[in-house]
Structure formats: structure tokens, C-alpha cells
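Residues per chain, in single letters:
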Amino acid sequence: MNIYALVKRTFDTEEKIAVANGKIVDDGAEFIINPYDEYAIEEAIQLRDEHGGEVTVITIGDEEAEKQLRTALAMGADKAVLINTEDDLDEMDEYTVAKIVAEYLKDKDADLILAGNVAIDGGSGQVGPRVAELLGINYVTTITNLEIDGTSAKIVRDVEGDSETIETSLPLLVTAQQGLNEPRYPSLPGIMKAKKKPLEELELDDLDIDEDDVEPKTETVEIFLPPAKEAGRVLEGDLADQVKELVDLLNKEAKVL
Amino acid sequence: MSKKVLVLGEAREGALRNVSFEAIAAAKTVSGGGEVVGLLVGDAVQSLAEEMIQYGADRVVTVEHPHLKHYTSDGYGQAFMAVYEQEKPEAVIFGHTANGKDLSPKIASKLGTGLISDVTAIEGEGDDALFVRPIYSGKAFEKVKNKEDLLFFSIRPNNIAPLEKDAGRSGEATSVSVDITNLRTIIKDVVRKSTEGVDLSEAKVVVAGGRGVKSADGFKPLEELANLLGGAVGASRGACDADYCDYSLQIGQTGKVVTPDLYIAAGISGAIQHMAGMSNSKVIVAINKDPEANIFKVADYGIVGDLFEVIPMMIEEIKKVKTN
């Protein structure tokens, strides 16, 4: 099977977010593979091991993202592609990213494309379905189980807690929900091998993309932090009295009962 | 300039979801006085049209077909596009629900347009509107401007207030016949796991448990409290990782982001990833044995104590209040 996994480099979930000059401060921040993309990579590797074929991981970004691609290779992906937009694009939105990814994938004859269902930074969850639509292939989002048999796929999709069992066929794009699998940590031999695996770097020119064709359709005009939540009241006294007081406060002060 | 706005309504278990009414209110904000058209898609949805009008839609278009009984991106996509071509709206609004998240990027891609997802507030009106949406799971927010002729956004449930229901409002409901063909996905089975039918992302009250709940059985008092308050049960990653509950209940930076009116955190220490998923709730109650637990830093009200003592007492107290 010819398998692709879409990967995004994101802030570590441990990171606090700070804003300066209208931008998120990323100096000194730790970066990781978007956690939902890790499920996608893991599933891709497992499917390759079961059915044969090759796993290629793709990302869009600057050369810093090489680190996350190497991690994916160390997990077991075979090849990596970095589409470096640093010199060409100042701003991107989901339209931009999907168009570039689809342009790369359009002649690759992918059997299966996996992505995270959402990135924990931008949080829109658009790129997967957009790419599928641009490629004219089917897609299923937020999956928690995937079985492939020949060109048929049996999928369990999480729908706000309910589970749908779905049958469809390849070629297909799926987006991973938590619970799909348990992503492996790269092993030491895996890390050594990853250094020798192919990592191709492309720019928009290599894909015959003109900057105007991928100009974002939306624009972020401001980034701000939510007002800091002040610590409230820790109640005191006998536990039974505390509970009485709490219910009274919820009823009369907060008016949420 | 006034805009004609098309709002995709969404039904669950035969009733319209609140987010549909919230989307109508959002439509009024951006329409600049233009017409607000509701769209309902399913196998039997005509009876729901009236309620969309009562909540502010000027008229409603329905598409019914046996193949639309279950949501599929192909089926709903075909239905939506047929109505889009007929109505030619200047703005489109979806709920940012499981199905809205699934369908909206496909439609945006088909139309070659932008899409502002998961909007929690709208600043300004008409053409000048800016759309506020959380990034980094609510650790920060951004204001986004649309640069295209077509405005397309989805709204997060529970954030934009619906208009008051007006039973006296009337409007036209028309049906469009669409041939739904070539569905590439077949829904074989749907297993309802969510308790009592209250969806976590739309619930007004969330009772969430962490490692302190200690077992799957430990969630029972939380479920009882949630049911009493008409709310839903959630969990921290710790509780999910320990197999006390399903991952679909997880709240946090991975997992769901919720903004209920009341969030009760029981036995949750308050890791930064969890706080990202709930700290924008309107009122937060923390119950934890550890007085140093991080969760108390964001809680409006805190009780230092054992949740297995506190929750049953709360249930009794709330019952008393409710009967009075």
C-alpha cells in the first residue's frame, strides 16, 4: 500500500502561551508532532507492516520541522517530505495548506492518506477533508478503528461519543481520533536508522505553485490571551456545611442550578 | 451591504440541536438585514422547519431523501450544494459539531473559499464583523477577518446566545428534491454511548472526574449528579488513560474543549492540558483532597475533601433546592 501521513509541528501541550507584538511567542518553546498526527503515523506504520508498502510523512513549514519528520522516520515511516514555504509565504490559512498538500499528492497514487483530526494549535480540523475534496477521494474523520481488506475499509468513527461503523473503499483519507492506537516511542535503533532515511525538501516552485494561487482566504487580525481567571473561594468549615454553602452559592450567587 | 445567509440546521434524535438556533442568531448579526434561510437535511425533517423560523429564520428549505437518514459527507454535501446553487447565499453558517466539522471543509474546498471554524464570538456586524475563535485549545484567541465575497464560518456550541423563541413568527418552508447518488460511505451501525442524550460539547453542566475517581464504578456518583443537573459527564486524560472511562469523554488540549455554564471537577488535579479544555467555563467548582491542586487556581468555588463524600452530599442538597 502506498500510504501518506500528514504531520504538523506544534507547541508542546505543556507550553504556556504568551503573546508579544500580536504574535504567539515561540522563543524557547518545545515543539512536538501534533498529538493527533502521532496516531496517524502509528496507524500508517501498523498498516504497512500488515499489508506491505511504504509510509511517507509530509509536512509544510520551515526547516525546523525536519526534527518532527525525523521523529516520524524514527517511529518507522520510510520517507519524509518537507514542503518548505519559509521564503515564499508569510501567511497561510487552511485553504493554503490544503492546496499545497493536494498539489503534492495529486500524482502520487496514494491508497491511503492519514492525518490528525485536528491540530492542537490552530484547532480547525479543516486540512484533511479539504485535501480529500481537492484530490476527489473519499474521507472519514475522527476514526477510532480502521481495518483494510484489499480495497475495502471498515472504520469506526467517533461522533461526539457515539460510534458509527462505516464501510468504504480505497483510495481514502482518514483523520485520527484519540483511541485509534497507542503511538510508539522511537527506539534507539529507530533513531539511528532515521538519520539515513530519505528526507526530501521541496519549495513551491518544485510543485509549480504560484504564491497567488495559495493566497489565504482569511486573515488573522489579532491574537490575544483570555482574561486570567482569578482563583475563587475555597470553602471552609465542616464538610456538610461547605456543601450546603456551595449549593447555596451555585443557586443564588452563580445562578447556575 | 446586506447578506443572504444560509444556516445549516442539525437534528439529533429527531429534535433540533441548540447550536442550530445559535447559528440563526449569528446569521442575524452578519446579515446586515439580509434574509436568513434555514436548511434542514435528513430523511424526515420537514416538521422541524417551523422551529427554525420561530428562532429567527425567515424561511426554511428542506431536503429529504432516504439516503440522508444518516449523515455522510457525500450525501449531505450533495444536498447542501443543490440548495447552495439555488439560493446563492452570501454567507453560510454551520454548527461546529462532529458533522459540521466533517462537512464544512469539504464544502469550503468545493467552493474554493475560506472557512472560519469554531467561532465563539462575533465582534461588529455585517461586512465589518470579526470572528473570535480559540487557538491552542483556548490558551489564546484570535480574531479573524474574511477576505472573500462568500463568508463561511462554523460556530462552537454554547457560546453565541440564541434569539428568544417567538411562537408567533411564521415563514415559508419549501422542499427541494435532490437525487442523492454515489454515496462512497455506508453507515452500517451506530452505537449510542453517550448517557441520557446530553452531548458533552453542548451540555450546560459538565461533571468531570479525574484519577481521584479511582475506578469505572467511581464515575457512578458523578453520573448521578450530572443527570440530576441535566448535564454530561466528562473526564481528564488521567481517568481515560487509567481506563476508568472512554476517551470520548476526555476534556483537554487533546480531547474536547467545553465551555458549560457550570463545570464541576472532581478528583482532577488540573494539568495545564486539562485546564486548556475547560478554563473558559462560566463557573468552575473544584473538589479535590489535595489543597495544593492546580485546579483550585481556576475554580470559582473549591472544596478540599473526598469527592466520594462531597458528591453524594451535593446530590442531596441540590435535590432539596430543586424541590423547593
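Residues numbered from 1 in each chain as written. Chains lettered and ligands numbered in written order. Predicted model: local features only at pLDDT ≥ 70, side-chain atom pairs only at ≥ 80, totals over all residues. Heavy atoms only, no water.

### Concerning a nonpolar patch on the surface
All names here are of chain A. Together, Leu188, Ile191 and Met192 make up an exposed nonpolar region whose accessible area comes to about 300 Å². Along the chain, Met192 falls in helix α5 (residues 188-194). When its relative accessible area of 46% is taken as the criterion, Met192 is described as partly exposed. (Patch = residues over 30% accessible without salt bridge, like charges linked within 9 Å, V, L, I, M, F, W, Y side chains within 5 Å. Areas by Shrake-Rupley, 256 points an atom, 1.4 Å probe, with all protein chains shown as cover. Salt bridge = Lys/Arg side-chain N within 4 Å of Asp/Glu carboxyl O. Helix = DSSP H or I, 4+ residues; strand = E, 2+ residues; numbered from the N terminus. Buried < 20%, exposed > 50% of the residue type's maximum accessible area, 1.4 Å probe, protein only.)

### Some remarks on empty space enclosed by the protein
Inspection of the entire model under this criterion finds two cavities of 30 Å³ or more. By volume, the largest cavity is sized at about 730 Å³. Surrounding the largest cavity, 41 residues form its lining, Asn117 and Val118 of chain A together with Lys101, Gly255 and Lys256 of chain B being those nearest its centre. Contributing elements (two or more residues each) for the lining of the largest cavity: β9 (138-149) and β10 (152-159) of chain A together with α4 (98-111) and β9 (130-135) of chain B. A class-by-class count of the residues in the lining of the largest cavity yields twelve nonpolar, 20 polar and nine charged. The volume enclosed by the second largest cavity comes to roughly 80 Å³. Lining the second largest cavity are Tyr139, Val140, Thr141, Arg157, Glu164 and Ile166 of chain A together with Tyr71, Thr72, Ser73, Asp102, Thr185 and Ile187 of chain B. (1 Å grid on protein atoms, 1.4 Å probe; cavity = no way out; pocket = protein on both sides within 12 Å on 5 of 7 lines; lining within 4 Å. Points joined across faces, edges and corners; volume = space filled by probe spheres on them. Nonpolar A, V, L, I, M, F, W, Y, C, P; charged D, E, K, R; others polar.)

### Things to note about the interface of chain A and chain B
Listed as interface residues are 77 residues of chain A and, on the opposing side, 90 residues of chain B. Both faces combined, the contact of chain A with chain B buries some 7,100 Å², and carbon together with sulfur accounts for 55% of it. Where chain A packs against chain B, one counts twelve salt bridges. Among the elements that take part in the side of chain A that touches chain B, helix α6 (residues 239-253) of chain A stands out by supplying eleven residues, more than any other. The residue makeup of the side of chain A that touches chain B, split by class, is 34 nonpolar, 21 polar and 22 charged. Pairing of strand β14 (residues 218-224) of chain A with strand β10 (residues 140-146) of chain B involves six bridges; the strand directions are antiparallel. Considered in β10 of chain B, the bridge of Thr220 of chain A is made with Val144 of chain B. (Contact = heavy atoms within 4.5 Å. Buried area = accessible area lost by both parts, 1.4 Å probe. Pairing = 2+ DSSP bridges.)

### Description of the domain arrangement of chain A
Taken domain by domain, chain A holds domain 1 (2-214) and domain 2 (227-257). The centre of domain 1 of chain A, based on its C-alpha atoms, is set 44 Å off from the matching centre of domain 2 of chain A. (Domains from an automatic or database assignment.)

### Some details on the sheet that holds strand β15 (residues 233-234) of chain A
An order of β15(A)-β18(B)-β17(B)-β16(B)-β14(B)-β15(B) is seen for the six strands of this open sheet, with the pairing classed as parallel. Edge positions in the sheet fall to β15 of chain A together with β15 (232-235) of chain B, since each has one partner strand and no second. In the sheet, strand β17 (residues 283-288) of chain B pairs with strand β18 (residues 301-304) of chain B via four bridges, with the strands oriented parallel. Within β18 of chain B, the position partnered with Ile287 of chain B by the bridge is Ile303 of chain B. Packed on one face of the sheet, helix α5 (residues 220-228) of chain B meets β14 (205-209), β15 and β16 (262-266) of chain B and runs near 175° to β14 of chain B. (Axes fitted to C-alpha atoms, helices over the stretch in contact; angles between N-to-C directions.)

### Examining the packing of aromatic side chains
Inspection of every chain in the model, using the stated rule, returns eleven aromatic pairs over all chains. Relative to Phe141 of chain B, the ring of Phe224 of chain A lies with its centre 5.7 Å away and its plane at 20°, an arrangement referred to as stacked. One end of the pair, Phe224 of chain A, is in strand β14; the other, Phe141 of chain B, is in strand β10, on a second chain. The class for Phe224 of chain A is partly exposed, based on a relative accessible area of 24%. An angle of 15° between the planes, with centres 3.7 Å apart, marks the rings of Phe21 of chain B and Tyr55 of chain B as stacked. (Phe/Tyr/Trp six-rings, centres within 6.5 Å; stacked < 30°, edge-to-face > 60°.)

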